[in-house]
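Inside the fold
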Amino acid sequence: MNNTVSPALDVNTIRDAFPILQRQVNGHPLVYLDNAATAQKPLSVIDAISDYYKGYNANIHRGIHRMAEEATTAFEATRKTIARFIGAASSDEIIFTRGTTEGINLVAYTWGKQNINKGDEIIISEMEHHSNIVPWQVLCQEKNAVLKIIPVDDNGELSFEIFKKLLTPHTKLVSIVQVSNSLGTVNPVREIIEEAHKAGARVLIDGAQSSVHLDINVQDLDCDFFAFSGHKIYGPTGVGVLYGKKDLLEAMPVFQGGGEMINEVTFKQTTYNELPYKYEAGTPNIADTIALKTAIDFVESIGKDLIREHEVELVKYATRQLEDISGLRIIGKANNKVSLVSFVIDNIHPSDIGTLLDNMGIAVRTGHHCTQPLMKRFDIPGTVRASFAMYNTFEEVDALVAGVHKAVKILL
Ligand code: 7TS
């Protein structure tokens with residue numbers, strides 16, 4: 001450990017809030033470096049889920065009894081917190097989903113169905129997660145529309161100049177990731193949104209990775225849609241958020257039909273509920289949605305700025321040491337980068353390193369990270385990815401580096 005410290009963040013106290021960090025894996029203390037896949041949950045979030053089931057489990061909105069009221073109030077409190085957390089103008093613009101994937105699909109199957117026609121163009125990038133590729137591919141195939149791709153350079157950055165050239169009067173949508181889950185690159189979404197709007201296109205931001213690391217203000221960014229997942233922000237799995245500008249959400253056709261999303265149903269015709277309920281058919285994931293507020297309260301009680309500073313130091317510290325390993329190549333060297341280090345080592349398959357690290361209790365992710373086109377662009381089968389959270393320590397980075405050294409010795 002060198003003298004790199006993040007003095008403002010009391011990591012030991014933070015670690016105490018996460019029960020899982022006490023466990024052993026394969027006889028070693030857990031070193032959890034797979035936070036981009038899902039972050040661990042503080043006890044307050046776990047308690048919020050069990051408090052609901054123990055204390056006021058009831059279906060929301062429809063009940064008039066006391067527990068239904070309590071559950072509804074807690075559920076809607078999350079919506080208000082989210083609206084503030086991402087700077088939305090109104091909590092009516094906050095739609096609860098299962099996660100980022102469902103949010104993007106919701107837009108593709110509603111806004112896309114209504115607005116994309118033959119010959120229209122949708123722009124994505126070469127670094128997108130499959131969940132921001134496949135829904136648009138399906139839509140383009142159905143509509144005879146064109147999917148255009150912004151290329152990624154050797155450092156893992158998007159070419160802004162090429163992006164501007166891809167924009168045409170036919171461009172209807174730009175759907176872009178704010179922080180790459182494979183590279184850590186922070187994309188200049190503000191500039192992308194501005195250019196796209198000048199060309200008359202709408203913009204969806206995939207905030208799956210950015211919402212936990214960056215300050216988000218959707219009004220300031222002026223994005224049309226923003227999707228993220230609760231589980232990557234220390235909240236539960238199975239709940240996520242789609243933000244959309246009110247006028248767009250109001251004009252879009254419905255997604256799923258069922259209870260709650262209706263105003264009045266007759267066999268002749270159905271009228272739909274107002275926002276945001278129009279897009280929330282059926283009983284939602286009540287417990288996890290309530291606990292998502294607890295997760296956001298937890299993050300805000302520590303402060304995103306301090307967390308980010310700490311994580312950036314961890315990335316720098318890990319990068320410096322990993323780069324010294326012979327044959328190791330960092331994938332993703334963007335100037336503006338957060339939260340993770342991806343790398344490959346000559347003549348070693350990433351999954352072999354991952355398996356050996358797991359034997360040492362170190363959890364990293366290996367493979368294509370659901371970004372197969374990006375792996376193809378770098379001509380690699382996948383990477384080893386160490387991704388950081390507020391509770392990771394410099395000692396854990398040391399353990400990772402020592403583990404990689406050991407793995408290389410065994411495998412080469
Ligand atoms: N977009 C990005 C940029 C992501 O990183 C992920 C998940 C998704 C979308 C999909 O999110 P979900 O919650 O709907 O599944 N990324 C990862 C990952 O990097 N490893 O596991 C999941």
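Per chain, the residues get numbers from 1 upward, laid out in the order the sequence is written. Since the coordinates come from a predicted model, pLDDT governs what is reported: local features require at least 70, and pairs of side-chain atoms require 80 or more to be given and counted, while whole-chain, interface and lining totals use all residues. Each side-chain value is worked out from all heavy atoms of the structure, with water and hydrogens disregarded.

What about the sheet that holds strand β7 (residues 171-177)?
Note: two strands are recorded as paired if DSSP finds a minimum of 2 bridges between them. Numbered from the N terminus, helices here are DSSP runs of H or I no shorter than four residues, and strands are runs of E no shorter than two. Taken in spatial order, the 7 strands of this open sheet run β4-β10-β9-β8-β7-β5-β6, and their pairing is mixed. Since the sheet does not close on itself, it has two edges, and those belong to β4 (94-97) and β6 (146-150), each with one partner. Taking the axes of each pair of neighbouring strands and ignoring which way they run, one obtains an average angle of 20 degrees across the sheet. Where strand β5 (residues 121-125) and β6 come together, 5 bridges link them in parallel fashion. Across the sheet, Ile 124 pairs through a bridge with Ile 149, a residue of β6. Of the strands in this sheet, β4, β7, β8 (202-206), β9 (225-229) and β10 (240-244) are in contact with helix α4 (residues 100-115), which crosses β9 at around 155 degrees. Throughout, an axis means a line fitted to C-alpha atoms (over the contacting stretch in the case of helices), and angles, computed between N-to-C directions, take values from 0 to 180 degrees. In what follows, a contact means two residues having at least one pair of non-hydrogen atoms within 4.5 Å.

Some points on the nonpolar core
With 80 residues, the main nonpolar core has Ile 82, Ile 86, Ile 94, Val 174, Tyr 234, Met 390 and Tyr 391 as its most contacted residues. Ranked by the residues each element gives to this core, the list is headed by helix α11 (residues 286-302), at 10 residues. Excluding anything up to four places from it in sequence, Tyr 391 contacts Val 11, Ile 14, Arg 15, Phe 18, Leu 21, Tyr 32, Asn 35, Ala 39, Gln 40, Tyr 234 and Glu 396. By size, the runner-up hydrophobic cluster in this structure holds 30 residues, among which are Val 315, Tyr 317, Leu 328 and Val 364. As used in this record, nonpolar core signifies buried Ala, Val, Leu, Ile, Met, Phe, Trp, Tyr and Cys residues forming a set joined through side-chain atoms within 4.5 Å. Each residue gets one of three labels from its accessible area relative to the maximum for its type: buried under 20%, exposed over 50%, partly exposed in between, using a 1.4 Å probe on protein chains only.

Section: the packing of aromatic side chains
Geometry of aromatic contacts follows a simple scheme: Phe, Tyr and Trp rings, the Trp one being its six-membered ring, pair when their centres are within 6.5 Å, and the pair is stacked under 30 degrees between planes, edge-to-face over 60, tilted otherwise. Applying the stated rule across the entire model yields 11 aromatic pairs. Seen from their ring centres, Phe 18 and Phe 298 are 5.5 Å apart, and the 85 degrees between their planes marks the pair as edge-to-face. Remark: Phe 298 occurs in helix α11 and Phe 18 occurs in the loop between α1 (11-16) and β1 (24-25); sequence separation between them is 280 residues. With respect to burial, Phe 18 and Phe 298 carry one shared label: buried. Here Tyr 317 and Phe 394 contribute two aromatic rings whose centre-to-centre distance is 5.3 Å and whose plane-to-plane angle is 75 degrees, an arrangement assigned as edge-to-face. Taken together, the residues Tyr 317 in helix α12 (residues 304-323) and Phe 394 in helix α15 (residues 394-411) connect sequence positions 77 residues apart. Among the aromatic side chains, those forming a connected cluster through ring pairs are Phe 18, Tyr 234, Phe 298 and Tyr 391. Put simply, a charge is over a ring when the Lys NZ or the Arg CZ is close to the ring centre, within 6 Å, and near the line of the ring normal, within 35 degrees. Taking the ring centre of Phe 378 as reference, the NZ or CZ of Arg 377 above it sits at 4.7 Å.

Observations regarding the pattern of salt bridges
Note on definitions: salt bridges are taken to be side-chain nitrogens of Lys or Arg within 4 Å of carboxyl oxygens of Asp or Glu. A full pass over the atoms with the stated rule returns 21 salt bridges. The salt bridge partner of Arg 98 is Glu 102, with a shortest N-O separation of 3.5 Å. Judged by its relative accessible area of 58%, Arg 98 falls in the exposed class. Of the charged contacts in the structure, one is a salt bridge between Arg 202 and Asp 224, with a shortest N-O distance of 3.0 Å. Residue Arg 202 is located in strand β8, and its partner Asp 224 is located in the loop between α9 (218-221) and β9; the two are separated by 22 residues in the primary sequence. The class for Asp 224 is buried, based on a relative accessible area of 0%. One network of salt bridges, in which partners are shared, links Arg 202, Asp 222, Asp 224 and Lys 245.

Section: the site of the ligand
If even one non-hydrogen atom of a residue comes within 4 Å of a molecule or strand, that residue is called near it. Around the ligand, the structure places 16 residues, and the nearest of them are Thr 101, Asp 206, Gln 209, Ser 229 and Arg 385. The side chain of His 129 places a nitrogen or oxygen atom 3.5 Å from a nitrogen atom of the ligand. Polar contact is defined as a pair of N or O atoms within 3.5 Å, subject to the rule that within protein one atom must be able to donate a hydrogen and the other to accept it, and that residues adjacent in sequence are counted only when both atoms are side-chain atoms. Between the ligand and Ser 229, the relevant distance is 2.7 Å, taken from an oxygen atom to a side-chain nitrogen or oxygen of the residue. Burial of the ligand by the protein chains amounts to 87% of its free accessible area of 490 Å². Areas reported as accessible are Shrake-Rupley estimates using a 1.4 Å probe. Residue values count occlusion only from the protein chains shown.

Some thoughts on empty space enclosed by the protein
Grid points spaced at 1 Å over the protein atoms alone were grouped into cavities, where a 1.4 Å probe fits but cannot get out, and pockets, open sets with protein on both sides within 12 Å along at least five of seven lines, with lining residues defined by an atom within 4 Å of a point. Grid points are joined across faces, edges and corners, and a volume is the space filled by probe spheres set on the points. Applying the stated criterion to the full structure yields 2 cavities of 30 Å³ or more. By volume, the largest cavity is sized at about 50 Å³. Residues were grouped as follows: Ala, Val, Leu, Ile, Met, Phe, Trp, Tyr, Cys and Pro as nonpolar; Asp, Glu, Lys and Arg as charged; and all remaining residues, including Gly, as polar. Of the residues that constitute the lining of the largest cavity, the class distribution is 6 nonpolar, 3 polar and 2 charged. Domain delimitation in this document rests on an assignment produced automatically or drawn from a domain database. When we break the lining of the largest cavity down by domain, the ones giving at least three residues each are domain 1 (11-41 + 303-411) and domain 2 (47-300). Of the volumes computed, that of the second largest cavity is approximately 40 Å³.

Description of the layout of surface pockets
The volume enclosed by the largest pocket comes to roughly 430 Å³. Lining the largest pocket are 27 residues, and of these Ala 37, His 129, His 231, Lys 232 and Cys 370 sit closest to its centre. Mapped by element, the contributors of at least two residues to the lining of the largest pocket are α4 and β16 (365-367). Residues of the lining of the largest pocket, tallied by class, amount to 6 nonpolar, 15 polar and 6 charged. Mapping the lining of the largest pocket onto the domain boundaries places at least three of its residues in each of domain 1 (11-41 + 303-411) and domain 2 (47-300). Put simply, the second largest pocket is a space of about 240 Å³. Residue lining of the second largest pocket: 17 residues in total, with Phe 96, Thr 97, Glu 102, Ala 281 and Pro 284 positioned closest to the centre. Looking at the lining of the second largest pocket, the elements that each hand over two or more residues are β4 and α4. Taken together, the residues of the lining of the second largest pocket break down into 7 nonpolar, 7 polar and 3 charged.

Examining α4
In this scheme, a helix's expected span is set at 1.5 Å multiplied by one less than its residue total. With 16 residues, α4 should reach 22 Å at 1.5 Å per residue; the first-to-last C-alpha distance of 21 Å fits that figure. Where α4 bends most, the angle comes to about 25 degrees, and this point is Ala 108. Looking only at α4, the buried set comprises Thr 100, Glu 102, Gly 103, Ile 104, Leu 106, Val 107, Ala 108, Thr 110, Trp 111 and Gly 112. Note that the bend at a residue is defined as the angle between axes fitted to the seven residues ending at it and the seven residues starting at it.

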